[in-house]
Amino acid sequence: MPIPADLFRGVPHDPEAEACVLGAMIQDANTWIPAVTRTLTAEDFYRPAHQLIFTALVRMAEAGKPVDLVTLPQELTGAGLLERAGGLAKCVDLVEGLPSAASTETYAASVRAMAVRRGAIALCQSVANAAFDVTREIGETVAELEAGAGNLRRRGGADKVLHVSAGVAEVMERARALQAGGNPMYVPTGLKSLDNIIGGFGKTDLTVLGGATSSGKTALADTIALNVGIMGGRVMVVSLEMDNAERAKRLLQSRSNVPGQFIKFGKNLTPDDWAKLHLAAADLDKTKIFVYAAGNVRPSDIAMQAKLLASRLGGLDLVVVDYLQLLTASQYERGASRAEKIGGMAWELKTRVAMDLGVPVLLLSQLNREGVKGNKPPELYDLKESGDIENHANGVLLVYRDQKSEDWPKDRAWVKVGKSRDGQVTQWGQLEFGWQAATTTFYDLDSPPPQPDTWRPAPSDEQPVEAAPVPDEPPVEAVSGPVPVGAREFYAAPRPEPPRDENGEQPQPAAVAGLD
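The shown structure was predicted, so the numbers you read here are calculated from the model rather than taken from an experiment.

## Quick notes on the overall build of the protein chain
Stage number 1. Within the protein chain, the secondary structure is distributed over 18 helices and 10 strands.
Stage number 2. Contacts spanning at least 24 positions in sequence make up 69% of the contacts within the protein chain whose residues lie at least 6 apart.
Stage number 3. Of the roughly 25,400 Å² of accessible surface on the protein chain, a fraction of 54% belongs to carbon and sulfur atoms.

## Description of the packing of aromatic side chains
Stage number 1. Summed over the entire model, instances satisfying the criterion amount to 5 aromatic pairs.
Stage number 2. With 6.2 Å between their ring centres and 45° between their planes, Y400 and W414 make a pair best called tilted. Of this pair, Y400 sits in strand β6 (residues 395-400) while W414 sits in strand β7 (residues 412-420), and the two are 14 residues apart along the sequence.
Stage number 3. By relative accessible area, which is 8% here, Y400 ends up buried.

## Comments concerning the packing of helix α10 (residues 217-230) against helix α11 (residues 244-256)
Stage number 1. The geometry of α10 relative to α11 is characterised by a closest axis approach of 10 Å and an angle of 70° between their N-to-C directions. The orientation of α10 with respect to α11, classified from their angle, is roughly perpendicular. Of α11, the residues touching α10 (which contributes T218, A219, D222, L226 and I230) are R247, R250, L251, S254 and R255.
Stage number 2. Here the contact of α10 with α11 is composed, by residue class, of 4 nonpolar, 2 polar and 4 charged.

## A short note on the nonpolar core
Stage number 1. Judged by nonpolar contacts, the single largest core of 42 residues is most densely connected at L194, I224, L318, V320, L362 and F442.
Stage number 2. Considering each element in turn, this core owes the most residues, 8 residues, to α10.
Stage number 3. Filtering out sequence-adjacent residues up to four positions away, L194 remains in contact with T189, G199, L397, V417, L431 and F433.

## Overview of empty space enclosed by the protein
Stage number 1. In the structure shown here, the tally under the stated rule is 2 cavities of 30 Å³ or more.
Stage number 2. The space that makes up the largest cavity amounts to roughly 120 Å³.
Stage number 3. For the largest cavity, the lining is made up of 12 residues, of which I198, G200, D205, G395 and S420 are closest to its centre.
Stage number 4. Residue composition of the lining of the largest cavity, by class: 3 nonpolar, 5 polar and 4 charged.
Stage number 5. Lining the second largest cavity we find A219, D222, T223, L226, R250, L251, S254 and T440.
Stage number 6. Among the secondary structure elements, those contributing two or more residues to the lining of the second largest cavity are α10 and α11.
Stage number 7. A total of 4 residues in the lining of the second largest cavity trace back to one element, the largest contributor, which is α10.

## A closer look at unusual backbone geometry
Stage number 1. Between D322 and Y323 the backbone carries a cis peptide bond, its omega angle lying at 5°.
Stage number 2. With phi around 65°, N257 is a residue other than glycine that occupies positive phi space.
Stage number 3. Of note, N257 is situated in the loop between α11 and α12 (260-265).
Stage number 4. For N257, a relative accessible area of 10% corresponds to the buried category.
Stage number 5. Residue T440 is not a glycine yet carries a positive backbone phi of 50°.
Stage number 6. Of note, T440 is situated in the loop between β8 (432-436) and β9 (441-443).

## Some words on α10
Stage number 1. With 14 residues, α10 should cover 20 Å at 1.5 Å per step; its first-to-last C-alpha distance of 20 Å lies within 8% of that length.
Stage number 2. Across the 14 residues that make up α10, a large majority, 13, are buried.
Stage number 3. Just downstream of α10 lies G232, where phi reads positive at about 105°.

## Structural notes on the confidence of the model for the protein chain
Stage number 1. Residue-level pLDDT values for the protein chain average 79, and 77% of them are 70 or greater.
Stage number 2. Confidence over residues 4-8 falls short of pLDDT 50; this stretch has 5 contacts with residues more than four positions distant or in other chains.
Stage number 3. For residues 512-516, every residue scores under 50 in pLDDT, and the model assigns this stretch 16 contacts once sequence neighbours within four places are set aside.

## Remarks on a nonpolar patch on the surface
Stage number 1. Among the surface-exposed residues, V164, V168 and M172 lie close enough to one another that they form a single nonpolar patch of about 280 Å² accessible area.
Stage number 2. Looking at the secondary structure, you find M172 in helix α8 (residues 164-179).
Stage number 3. Taking relative accessible area as the criterion, M172 reaches 45% and is therefore assigned partly exposed.

## Remarks on the pattern of salt bridges
Stage number 1. Enumeration over the complete set of coordinates arrives at 12 salt bridges.
Stage number 2. In this structure, D283 engages R255 in a salt bridge whose closest nitrogen and oxygen atoms are separated by 2.8 Å. With D283 in helix α13 (residues 271-285) and R255 in helix α11, the pair connects residues that are 28 residues apart, well separated along the chain. We note that D283, like R255, is buried.
Stage number 3. Here R412 ties to D411 by a salt bridge, and the two come within 3.2 Å at their closest N and O atoms.

## Topic: the packing of helix α3 (residues 48-62) against helix α4 (residues 71-78)
Stage number 1. As a packed pair, α3 and α4 sit with axes 10 Å apart at the nearest point and diverge in direction by 105°. Accordingly, the angle class assigned to the pair α3 and α4 is roughly perpendicular. Where α3 abuts α4, its residues L52, I53, A56, L57, R59 and M60 lie against T71, L72, E75 and L76.
Stage number 2. Taken together, the residues of the contact of α3 with α4 break down into 7 nonpolar, 1 polar and 2 charged.

## As for the pairing of strand β5 (residues 361-365)
Stage number 1. Of all 5 residues making up β5, 5 are buried, and the element is well covered by its neighbours.
Stage number 2. What you see with β5 is no split at all: V361, L363 and S365 on one side and L362 and L364 on the other are buried throughout.
Stage number 3. Judged from the 3 bridges that link them, strand β4 (residues 318-322) and β5 form a sheet pairing that is parallel. Opposite V319, over in β5, you have V361 as the bridge partner.

## Remarks on the environment of T77
Stage number 1. Within the element layout of this structure, T77 appears in helix α4.
Stage number 2. Polar side-chain contacts of T77 include one of 2.7 Å to the backbone oxygen of P73.

## Quick look at the pairing of β6
Stage number 1. By the criterion of burial, β6 is predominantly enclosed, with 6 of the 6 residues buried.
Stage number 2. What you see with β6 is no split at all: G395, L397 and V399 on one side and V396, L398 and Y400 on the other are buried throughout.
Stage number 3. Taken together, the 5 bridges between strand β1 (residues 206-211) and β6 define a ladder with parallel strand orientation. Its bridge partner being in β6, G211 is matched across the sheet by V399.
Stage number 4. Pairing geometry for β6 and β7, over 6 bridges, is antiparallel. Of the residues in β7, the one forming a bridge with Y400 is W414.

Cut-offs used in this document
- Residues numbered from 1 in each chain as written.
- Predicted model: local features only at pLDDT ≥ 70, side-chain atom pairs only at ≥ 80, totals over all residues.
- Heavy atoms only, no water.
- Helix = DSSP H or I, 4+ residues; strand = E, 2+ residues; numbered from the N terminus.
- Contact = heavy atoms within 4.5 Å.
- Areas by Shrake-Rupley, 256 points an atom, 1.4 Å probe, with all protein chains shown as cover.
- Phe/Tyr/Trp six-rings, centres within 6.5 Å; stacked < 30°, edge-to-face > 60°.
- Buried < 20%, exposed > 50% of the residue type's maximum accessible area, 1.4 Å probe, protein only.
- Axes fitted to C-alpha atoms, helices over the stretch in contact; angles between N-to-C directions.
- Parallel < 35°, antiparallel > 145°, perpendicular 65-115°, else oblique.
- Nonpolar A, V, L, I, M, F, W, Y, C, P; charged D, E, K, R; others polar.
- Core = buried A, V, L, I, M, F, W, Y, C linked by side-chain atoms within 4.5 Å.
- 1 Å grid on protein atoms, 1.4 Å probe; cavity = no way out; pocket = protein on both sides within 12 Å on 5 of 7 lines; lining within 4 Å.
- Points joined across faces, edges and corners; volume = space filled by probe spheres on them.
- Expected span 1.5 Å × (residues − 1).
- pLDDT = per-residue confidence, 0-100.
- Patch = residues over 30% accessible without salt bridge, like charges linked within 9 Å, V, L, I, M, F, W, Y side chains within 5 Å.
- Salt bridge = Lys/Arg side-chain N within 4 Å of Asp/Glu carboxyl O.
- Pairing = 2+ DSSP bridges.
- Polar contact = N/O pair within 3.5 Å; in protein donor to acceptor, adjacent residues only side chain to side chain.

Here it is, written out as structure tokens:
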């Protein structure tokens, strides 16, 4: 939103820096036009004349025209803009007034900083006007503020165009750390068979997990979230169809290896079950797993809650969103088709959560109706309502269990790596996991958990089973499964201390419930 020059006294701008940037672009077009256009646009210049000259210079460079004090006025004259741009004398003054072309990057940085300041003023004015409009949803106003702030943050950051050597150095350092068995650069899932294929989740990755209804996609996501949490990771689970207690029950039954039906109804729990539940509850109490359970949730709401929680914890290691088709599109997409809304929400989660916060996002997705017909394993094109889901994702996992065939083992599930930008893909049947329906748990076939009793007679009314006492200090490893190599080192790595207020207290994020 442009700011009228007379609206504020002393609108931030640097006319001398603007003139120096343009002078350098005229004096040495081959060097400075490509360099300056990496960071500046015409709108970053405050003076209209400077905007016109910048636009003309960029247009000439793109057309392969030579740039000098003869051709630039000719270009402006041909467009009927020479007089508005200040005439020939203005072009000459820009070159003659340039102190040193060697400082052009510094001049450009000043121009950009002033543009960001003006953008912040315009955003605040727009949001203030929206906040005074009581007929407008407050969520829309907050979303506008967050989107605008994100754009300003990206504009005010460092140059994103880096020499390839910077990326090479990062890759080499990552390889050294992995070879030494130290800190892995990816977040491990805790399922060794899967980690061996994809290497874990990258820090800015959006990974989509698709599957038919009741195929186990939520259970697989919960298994991964629980593994990451038990290994010390900081996890936020966005639960759009289960409340916090129901989500906690699923994690508790998986960790304790006590069938969920016994926990739900409570009548058949034995003293041994209670002991396992106490141990598992103590394990979960020590994790940093948090649940954001709500309805009518937008991607911007998830981004806001994730930022609050990351600020409290000093960062996040995994965000699970269950699931995409239950999200609410933002106001900006209300006129779009359903497919466009789905693709837009996936992209927003990738940019505003995964990339902005540097945290992997595991996004669950339903399948199209055609994808579940015939009880066949799904493919990438079966992801529901939008091909953009696949396009935006860094990786796609598909889960399948044959629930109709008598020949299919009831304790088996297939997972297919349908897309992986940093690893290999697999075919159906190549990656097989154990499936424990009683506790909704996935596990590696070489390390199965004990099989729980799924049926037992109910205790008599005369002799009810009493809950076992809570152990004083339950060992965290008492019911733990195997931990992937390097995983504990990853989560034990030093992290910055979370911010605290003047009383030494950590700020509490709103509307995020813990497992306690």
